Amino acid sequence: MTQKEKIQILLMAIESNMELAEGQRDIIQKSLTEGQMKIAQAEEAYEKAVKPYHYFPVELVKEGFAFWNRGGFSEKEMKGEAAVAAGWDLRPLKVIRTMKERNGRHTQCLVYQGCLLAGAEILPGGNEFLSLYQIVGFVCRESGCEAKCQRLIMSTPKTTESKIAVPDSRPYGKLLEVAARMAGTSDNVSLEYGVW
């Protein structure tokens, strides 16, 4: 069943239980459509977060594998996302290139097995999804290379799951905050890499 069909069924149920004044049907239909979109976006973000492995695009360069720290918040779409890499010891990685893309690529750094990647996604309405991953390997195909990562921490508006002991997870919070701040920055064109 399509989203449109679901909305029509809900709208018919509302109309069968109450009399709508002129113009109310359109307002309710618009509200149901917006609500369905928000639910679909939240479910998609949650599904991504709970998968056992997540793959991030990387480039194979002369020195090894390189990852783009990227992200920002789009006022037009009212959502944001970001991804930031750090060493296993939470130290900044060697930067090999920089760009000034709006809500796109900012700094490219060399990554290796064991590195950490913090991801943040902010959906319309302000719901924030944060995840911390660790690179467990690399996969190269004809379409390009990816870092295969396992999730260590996942934080949603309602729950937080961690594979790291609670006292040990505190230092990682700074890296997650950087990703969240970056995902919430409108028309972001730069990243102060290593400021955590």
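Every residue gets a number counted from 1 within its own chain, in the order that chain's sequence is written. Only residues with pLDDT of 70 or above have their local features reported here, since the model is predicted, and side-chain atom pairs are shown and tallied only from 80 upward, although totals for entire chains, interfaces and linings are computed over all residues. Excluding hydrogens and water, the side-chain figures rest on all heavy atoms present in the structure.

## Regarding the overall build of the protein
Basically, it comes down to this: Here a helix means four or more residues in a row that DSSP labels H or I, a strand means two or more in a row labelled E, and each is numbered from the N terminus. All accessible areas in this document rest on Shrake-Rupley with a 1.4 Å probe, and a residue is counted as covered only by the protein chains that are shown. Charged residues are defined narrowly, with Lys and Arg counted positive, Asp and Glu counted negative, and His plus the chain ends left uncounted. Charge coordinates come from a single atom per side chain, which is NZ of Lys, CZ of Arg, CG of Asp or CD of Glu.
Helix and strand content of the protein: three helices and nine strands. Counting helices and strands in the order they occur from the N terminus, the protein gives α-α-β-β-β-β-β-β-β-β-β-α. Within the structure as shown, the protein displays about 11,700 Å² of accessible surface, and the carbon and sulfur contribution to it stands at 52%. Averaging the positions of the 25 positive and the 25 negative side-chain charges in the protein gives two centres separated by 6 Å.

## Details of the environment of threonine 98
What counts, and what does not: Whether two residues are in contact is decided by their heavy atoms, any of which lying within 4.5 Å being enough.
Counting through the fold element by element, threonine 98 comes out in strand S4 (residues 95–98). Separated by 92 residues in sequence, threonine 98 and serine 190 place their C-alpha atoms 9.0 Å apart. Every residue in contact with threonine 98, bar those within four places of it in the chain, is listed here: Trp68, His106 and Thr107.

## Overview of the state of the cysteines
What counts is decided by this rule: In plain terms, two cysteine sulfur atoms within 2.5 Å form what is called a disulfide here. In this scheme, a residue with accessible area under 20% of its type's maximum is buried, one over 50% is exposed, and one in between is partly exposed, where area comes from a 1.4 Å probe on protein chains only.
Inspection of the entire model under this criterion finds one disulfide. Residue cysteine 140 pairs covalently with cysteine 145 via a disulfide, S to S 2.2 Å. On the S-S bond that ties cysteine 140 to cysteine 145, the torsion sits near 105 degrees, and the link is right-handed. According to the relative accessible area criterion, cysteine 145 is buried, its value standing at 13%. The closest cysteine sulfur to the non-disulfide-bonded cysteine 109 is located on cysteine 115, 7.4 Å from its own sulfur.

## Some thoughts on the pairing of strand S5 (residues 105–111)
Note on strand geometry: in a regular strand, side chains alternate between the two faces of the sheet. Operational definition: Any two strands with at least two DSSP bridges between them are considered paired.
Along S5, six of the seven residues are buried, which leaves the element largely enclosed by surrounding structure. As judged from the six bridges shared by strand S2 (residues 64–74) and S5, these two strands associate in the antiparallel manner. By the bridge assignment, asparagine 69 is partnered in S5 with threonine 107. Hairpin remark: S4 followed by S5, antiparallel, with six residues in the connecting loop; positive phi at asparagine 103, about 55 degrees.

## Details of unusual backbone geometry
A negative phi holds for most residues other than glycine; trans holds for most peptide bonds. In this structure, methionine 78 takes a positive phi of about 55 degrees despite not being glycine. Relative to the assigned elements, methionine 78 resides in the loop between S2 and strand S3 (79–86). Phi is positive for leucine 90, which is not a glycine, with a value near 70 degrees. Using a relative accessible area of 15% as the deciding quantity, one classes leucine 90 as buried.

## So, the nonpolar core
For clarity, the threshold we go by: Only buried Ala, Val, Leu, Ile, Met, Phe, Trp, Tyr and Cys residues count toward a nonpolar core, and they belong to the same one when joined by side-chain atoms within 4.5 Å.
In this structure, Phe67, Val111, Leu117, Leu132 and Leu175 are the most contacted members of the largest nonpolar core, which totals 40 residues. Secondary structure elements with two or more residues in this core: strand S1 (53–61), S2, S3, S5, strand S6 (116–122), strand S7 (128–141), strand S8 (144–155) and helix H3 (166–183). At eight residues, the largest contribution of residues to this core is made by H3. Every residue in contact with phenylalanine 67, bar those within four places of it in the chain, is listed here: Phe56, Pro57, Val58, Ala83, Val84, Ala85, Thr107, Gln108, Cys109, Val111 and Leu117.

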